[in-house]
Amino acid sequence: QVQLVESGGGLVQAGGSLRLSCAASGRTFSNYAMGWFRQAPGKEREFVAHISKSGGNTYYADFVKGRFTISRDNAKNTVYLQMNSLKPEDTAVYYCAARTPFTTVYAYWGQGTQVTISS
């Protein structure tokens, strides 16, 4: 089992920045690729960003490219999501997730952190 706890959400104005953190515990963090997802009210959960186990490879949804950056610190068992140039449409609950090794399944999820962007 991997336990994940997100933090760093809040209310900011459009154009502002936030950095989300996701602290992992329970298993060897560096064995897990990690992802960030989000879910806005009335919408389905959607993929935001992914980072490989070593941090050497990252992938982003088109709507965040150039604005968000995913990173990880395996020594601190933490993955981050730096969010810049925030827009009201970025308002959502943001979740981090750990992908089961050797699969494409994100099996472990945090409880989420609310991000609200005011216009």
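The structure reproduced in this document is the subject of the present report.

The rules behind the values
- Residues numbered from 1 in each chain as written.
- Predicted model: local features only at pLDDT ≥ 70, side-chain atom pairs only at ≥ 80, totals over all residues.
- Heavy atoms only, no water.
- Helix = DSSP H or I, 4+ residues; strand = E, 2+ residues; numbered from the N terminus.
- Rg over C-alpha atoms; globule rule 2.2 N^0.38 Å.
- Phe/Tyr/Trp six-rings, centres within 6.5 Å; stacked < 30°, edge-to-face > 60°.
- Buried < 20%, exposed > 50% of the residue type's maximum accessible area, 1.4 Å probe, protein only.
- Core = buried A, V, L, I, M, F, W, Y, C linked by side-chain atoms within 4.5 Å.

A few points about the overall build of the protein chain
No. 1: Looking only at helices and strands, the protein chain has zero helices and 11 strands in total.
No. 2: Secondary structure elements of the protein chain, listed N to C terminal, follow the sequence β-β-β-β-β-β-β-β-β-β-β.
No. 3: At 13 Å, the protein chain has a C-alpha radius of gyration in line with the 14 Å of a compact globule built from 119 residues.
No. 4: Dimensions of the protein chain, computed from the C-alpha atoms along their principal axes, are close to 40 × 25 × 25 Å.

Let's talk about the packing of aromatic side chains
No. 1: Considering all chains together, one arrives at five aromatic pairs under this definition.
No. 2: Between Tyr32 and Tyr108, the aromatic rings sit 6.1 Å apart at their centres with planes inclined by 85 degrees, giving edge-to-face as the arrangement. One end of the pair, Tyr32, is in the loop between β3 (18-25) and β4 (33-39); the other, Tyr108, is in strand β10 (residues 106-109), and 76 residues separate them in sequence.
No. 3: On the basis of an interplanar angle of 75 degrees and a centroid distance of 5.7 Å, the ring pair of Phe37 and Phe47 is categorised as edge-to-face. One end of the pair, Phe37, is in strand β4; the other, Phe47, is in strand β5 (residues 46-51), with 10 residues separating them in the sequence.
No. 4: With relative accessibility at 28%, the residue Phe47 sits in the partly exposed group.

So, the nonpolar core
No. 1: Counting residues in each nonpolar core, the largest one holds 30 residues, and the members touching the most others are Leu4, Met34, Trp36, Leu81, Met83 and Tyr94.
No. 2: Elements with a contribution of two residues or more to this core: β3, β4, β5, β7 (68-73), β8 (78-83), β9 (92-99) and β11 (113-118).

These figures come from the coordinates and say nothing about function on their own.
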